[in-house]
Number of protein chains: 2
Amino acid sequence: MVRNLTDAVMGRRPYDRIIKNVRIVNVFTEEIIPGNIGIADGMIACAGDLGEGAEALETVDGKGRFAVPGFIDSHMHLESSMMTPAHFAEAVVPMGTVAVAADPHEIANVMGKRGVEILCEMTRDLPLHVSIMAPSTVPSAPGFETAGASLGAEDVREMLSYDGVLGLGEVMDFNGVVDSDEKMTAIIDEAQKTGCLMDGHVPLLKGRSLQAFVSAGLDCDHTYMDADSVAEKLRCGMWVQIQERYFTPELMAYLNDSPAQGRILLATDDVPISRLAEHGHVDHLVRKAISMGLKPMNAYRYVTINAADRLRMYRSGAVAPGKWADILLLDSLEQADVSAVFCKGVLTAENGKMTVPVPEKPFPADACATMSIEPLAPEDFRLKADGSRALVQVIVQDGKTAKTSPRKAWCAVAGGCVEREGVWADGDKVPCSLVKMAVFNRYPDNDRRSIGFLGNLDQFRGAIATTYAHDCHNLTVYGSSDEDMAAAANLVIRSGGGVAAVKDGRVLAHIALPIAGLLCEDRMEVLAKKFENLTRAAEEMKLNHEEVLSFITLMALAVSPEIKLTDLGLVDVVHKCFVPCVEKTEE
Amino acid sequence: MVRNLTDAVMGRRPYDRIIKNVRIVNVFTEEIIPGNIGIADGMIACAGDLGEGAEALETVDGKGRFAVPGFIDSHMHLESSMMTPAHFAEAVVPMGTVAVAADPHEIANVMGKRGVEILCEMTRDLPLHVSIMAPSTVPSAPGFETAGASLGAEDVREMLSYDGVLGLGEVMDFNGVVDSDEKMTAIIDEAQKTGCLMDGHVPLLKGRSLQAFVSAGLDCDHTYMDADSVAEKLRCGMWVQIQERYFTPELMAYLNDSPAQGRILLATDDVPISRLAEHGHVDHLVRKAISMGLKPMNAYRYVTINAADRLRMYRSGAVAPGKWADILLLDSLEQADVSAVFCKGVLTAENGKMTVPVPEKPFPADACATMSIEPLAPEDFRLKADGSRALVQVIVQDGKTAKTSPRKAWCAVAGGCVEREGVWADGDKVPCSLVKMAVFNRYPDNDRRSIGFLGNLDQFRGAIATTYAHDCHNLTVYGSSDEDMAAAANLVIRSGGGVAAVKDGRVLAHIALPIAGLLCEDRMEVLAKKFENLTRAAEEMKLNHEEVLSFITLMALAVSPEIKLTDLGLVDVVHKCFVPCVEKTEE
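Each chain has its residues counted from 1, following the order in which its sequence is written. Chains and ligands are labelled by the order in which they are written, letters from A for the one and numbers from 1 for the other. Two thresholds apply to this predicted model, a pLDDT of at least 70 for residue-level local features and 80 or more for giving and counting side-chain atom pairs, whereas whole-chain, interface and lining totals are computed over all residues. Neither water nor hydrogens contribute to the side-chain values; these are computed over all heavy atoms in the structure.

Enquirer: Where do I start with the overall build of chain A in this structure?
Expert: Helix and strand assignments come from DSSP, with helices taken as H or I runs of at least 4 residues and strands as E runs of at least 2, each series counted from the N terminus. Counting its regular elements, chain A contains 17 helices and 31 strands. Whereas a compact globule of 587 residues would reach a radius of gyration of roughly 25 Å, chain A reaches 25 Å, a difference of no more than 12%. Along the first, second and third principal axes, the C-alpha atoms of chain A reach 95 × 50 × 45 Å. Only protein chains enter the accessibility calculation, which uses a 1.4 Å probe; a residue is then buried when its area is under 20% of its type maximum, exposed when over 50%, and partly exposed in between. Here chain A, with 587 residues, has 64% of them falling under the buried criterion. Accessible surface computed for chain A: about 20,100 Å², of which carbon and sulfur atoms make up 50%. With 57 positive and 82 negative side-chain charges, chain A shows a separation of 1 Å between the mean positions of the two kinds. Note on method: radius of gyration uses C-alpha positions; expected globular size equals 2.2 Å times residues raised to 0.38. The method behind every accessible area is Shrake-Rupley, applied with a 1.4 Å probe, and residues are considered shielded solely by the protein chains displayed. Charge counting follows a simple rule: Lys and Arg are positive, Asp and Glu are negative, and His as well as the terminal groups are ignored. By convention, the point assigned to a charge is CZ for Arg, NZ for Lys, CD for Glu and CG for Asp.

Enquirer: Help me understand the interface of chain B and chain A in this model?
Expert: Size of an interface, as often reported, equals the accessible area lost when the parts are brought together. When checking whether two residues touch, look at their non-hydrogen atoms; a contact exists if any pair is within 4.5 Å. If you look at the interface, chain B gives 57 residues, while chain A gives 57 residues. Here chain B packs against chain A, burying approximately 4,500 Å² in sum over the two surfaces, 52% of which is carbon and sulfur. Salt bridges are defined by distance alone: a side-chain nitrogen of Lys or Arg within 4 Å of a carboxyl oxygen of Asp or Glu. At the boundary of chain B and chain A, one finds four salt bridges. The partner of E31(B) in a salt bridge is R235(A), and the shortest N-O contact between them spans 2.7 Å. Pairs of N or O atoms are called polar contacts if they sit within 3.5 Å, as long as, within protein, a hydrogen donor faces a hydrogen acceptor (for residues adjacent in sequence, only side-chain-to-side-chain pairs). Across the contact surface, chain B and chain A share 27 residue pairs in polar contact (both at pLDDT 80 or more). In this classification, the charged set is Asp, Glu, Lys and Arg, the nonpolar set is Ala, Val, Leu, Ile, Met, Phe, Trp, Tyr, Cys and Pro, and all remaining amino acids, among them Gly, are polar. Across the side of chain B that touches chain A, the residue classes tally to 28 nonpolar, 14 polar and 15 charged. Two parts lose some accessible area (1.4 Å probe) when they are put together, and adding that loss for both gives the buried area.

Enquirer: I'm lost on the sheet that holds strand β13 (residues 264-266) of chain A in this one. Help?
Expert: Backbone-to-backbone hydrogen bonds join strands into a sheet, with any given pair of strands oriented parallel or antiparallel. Residue and element names in this part refer to chain A. We call two strands paired when DSSP finds no fewer than two bridges between them. The strand order across the open sheet built from three strands is β11-β12-β13, with neighbouring strands paired in parallel fashion. Here the strands that pair on one side only, and so sit at the sheet edges, are β11 (220-221) and β13. Judged from the three bridges that link them, strand β12 (residues 239-242) and β13 form a sheet pairing that is parallel. Within the sheet, the bridge partner assigned to I242 lies in β13 and is L266. Where helices are involved, their axes are fitted lines through C-alpha atoms of the stretch in contact, as for all axes, and angles between N-to-C directions lie from 0 to 180°. Most of the contacts of helix α9 (residues 227-235) go to β12, to which it runs at about 150°, and overall it touches β11, β12 and β13.

Enquirer: How do you make sense of the UniProt feature "domain: Amidohydrolase-related" (unreviewed entry) in chain A when you look at a structure like this?
Expert: UniProt positions are given in the numbering used here, feature names are shortened, and annotations may be inferred rather than shown by experiment. When the UniProt feature table is mapped onto this chain, "domain: Amidohydrolase-related" (unreviewed entry) is found at residues 67-346 of chain A. Along residues 67-346 of chain A, the helical share is 39% and the strand share 19%, with 14 Å between the first and last C-alpha atoms.

Enquirer: Can you help me understand the relation of the copies chain B and chain A in this one?
Expert: Here two copies of a chain appear, and what relates them is a rotation about an axis with a shift along it. Only residues with pLDDT of at least 70 in both copies count here: their C-alpha atoms drive the least-squares fit that superposes the copies. Turning chain B through 180° and shifting it by 0.0 Å along the axis lays it on chain A, with an RMSD of 0.1 Å. Expressed as an axis order, the relation between the two copies is that of a two-fold axis. When C-alpha positions in chain B are compared against the rotation axis, the closest is assigned to G262(B), at 3.2 Å. Interface overlap between copies: 100% of the residues of chain B at the interface are likewise at the interface in chain A, consistent with a symmetric, same-surface contact.

Enquirer: Mind showing me how you'd approach the side chain of T370(A) here?
Expert: All names here are of chain A. Looking at the element boundaries, T370 is found in the loop between β17 (353-354) and β18 (389-397). Among the residues examined, T370 registers a relative accessible area of 9% and is labelled buried. A polar atom in the side chain of T370 sits 3.0 Å from the side chain of R442.

Listed below in structure tokens is the structure:
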């Protein structure tokens, strides 16, 4: 009731709470104003001078700290934390994140609309405000992979009606939009009817192709950004969401000078658990951006009022009257060292810990039964071929990113199966020791599977299996031994999904992800430790990649270049076609 | 269909229209980019470089002119033009105004919700996009005047559901909000439930009172603005709408430097027909603001993208892909000399004239039958009193504004009626020749009427009657002769509302306003001439006020200081009480 606020401001009733003695950061006028904040009904009723003798049921001493608006992450995926929404909230609220727009693209690939419905339900009533974006591109590469669902225009219409859904999630099939693909345009037409927010995803798109994409109403992007692409996207009227990976001093200098201040945002997209635990969440973006030269006031605007404007959260994003009392206290704007978090006026976290319990509820049973796959045997990992040697197409990973390149090798064939030892088939014919990769569809009524070879992993020994494998999240196994591959796969199958590392029959690491094969009930510290363990296991197995998690989750992603393996086979992503794993054999 | 746009951009089908050879003003990046604009389905598909050989069904040569987004007026009242919405559109679209947010406060005072419903209907399908704001404060001074309706929270809820209604119109009873008045807070609570836009009206409100008002979610104001009040309102998170009357070089300099660029707007509020015809509409605001030092790019932003942001018109306000093709061509940014107007991609006006017909439809019959009042006789204008002289309370108008002050006079009483000749009752006792003012309720089942005296009009001879009289729009008559007053009043009654000037039985001016007693079917040029005629009549009658229309329409406005006459009597606006017109009589 509005009178609870007006009465409090005018002294006719006490505030519910006063946060006194703070330096209020005004994201509108860029002022820092010493004063107090009066709160009623979870909202800021008055900020600054509350007048003589203002009373409150409770008064908190801000001790001269800065009071900034709670951080809003305008584009992210909850699943990348591998935690439940409740535990994710418990992790990030103490870091200052009070609201997120989450695109449940991963669980939608596993469970379709039902997954989105479940995430809507599981994110309700959290201290973290979660807006759900309806996944628009499931699967990401139709025809080249099989997910647990395929969502079309009718599904999008239905999802947009769910309570908690704000708009259309990132349209990743930018070529489909530019090419007026039937499915994509039908989905966008459906979303346009509702007037909802629509997010884009346009790495490297430029010029007319970019304008074609934006003409569809997809006016936001969080992919590759340098000063030129930011300028071009702003010019098109887009909102730009800058991820940490694109931060450079040059970009920060550009942002500081841009006249389009209101449409610049910082967003996290995917933050793996280890980085979340080590560096933080939106607070980390703020710190890092400032350290690279972004003006502190800009950094705070980009993750508060600008994000609120983008997400149409008209009562959020500022320490000002009539806004939700989502307020952070910190000692240093540069350090973004959040020491107290008020959500809707209640002290919710202090010194990195929640001060209120996060309501927990179990995921529904169907979310925990998504492994529709029988136990596997070493034989399931054999790549059959005739003759005595085979020319195989190899996925060469670069040891750093998700990018791969194709290369061919001649491998021996023994007992009707291709062996992993061979020689590169191009000029120099040096020997290579390949690693197998296998993808098993894990959804009902589908037993598609494929086997391929990975290069630049010659020293790797053992096997890693995962159900967290973008974007279809099929059971994906990497290994030097069919026995270890089967063992790792079966451990993951038994745990309803997850990640397992096995070497010489010994389990080196195991992370059960029983919820949709993506999430678990572990809290951040526990789960982060499990991933540390996985990293150690990868070292022990001599996995040649800087980020084990990136590696195992991205080699099946058939929308990132150049060559990937899905349940349907080896995909030449650049030329959009399948290529045979065994090109030919010789007697 | 989105594919019509993407296909056009990628050259797979021709654009509906290309506007070639323009200098595109980018309100995001503040760039001016030479190029072409490709339009499909009424939207901008591509702006800038359309590529070699782009084809279109029609090509318009912009001849190097600037292409700016159509102007959006974020706060105005259609009724102040006294034209029908169709004729208003016909007048302002050629000036570059393509969208307005209209608060039908006047017709709501006459006809209640039905008036709002009618305006929603009459503004549909115009070339001008009209968003309706549900009037929040009808009547403006409850208890001190009687309008044709009194709208409460239930009514507001209903109006917010009308097709075309965007939000809650300016909450004028700011004291009611700050004081947590029951009716006002119930109305705001009702609007808050819908999450709609809510406009404020806070002249002179400051400090805690202002914060109390804004805490109610009323985050926009268009009233008094100087640099200090703009700063304070922006600090509170408000959007500020600057009217022409508050333009000063100092304010423009402040606006240029404000960090809160995104929340500054220019808006017209009320533009009387004579000013509209002579100076223009939003184009005039732009010209005048620039002439006073506002940076041209800021001026254009304030009436395009910022207004679109405020009004949540996500597909408007910029010449950029995915936005409605509401585009103006002009030769000079400083002159805002709009020579062509495209609405949704169609050339709609050129060189000050519409190039497409504006669909017209008659107002419903009930809108043309709002004069529920019998013909009047000279006797109806007599102020009765006993004795031989009476001490009367006089409304002294200042000859310039709507402001009045109280003063007392002793007048002779003859034949049981107070005469207009008298002497001021304060110290010097100089003679005065008063003018009568009478207000007759014109709504069904109500025959309330009151008579008072006006000072500082000693030379005035004749009578003027009007039904356009803020905010209740009762029949209001000013005159030096009861006979002329009755004649003017009867002429207005016979014409179903309007304005009439009569001197010595001769009609000097007559403007019929048969639609709700507020509007007529005249086009701008015709109606403006009629008002010129009224101005000449006022001169002939020696009416001592700079703006005849302001004078006749504002003397009954019981929310502006200091003393006004309504159908219920003489109102001391400052002390919020009635005062008797005849204080005492003497034998």
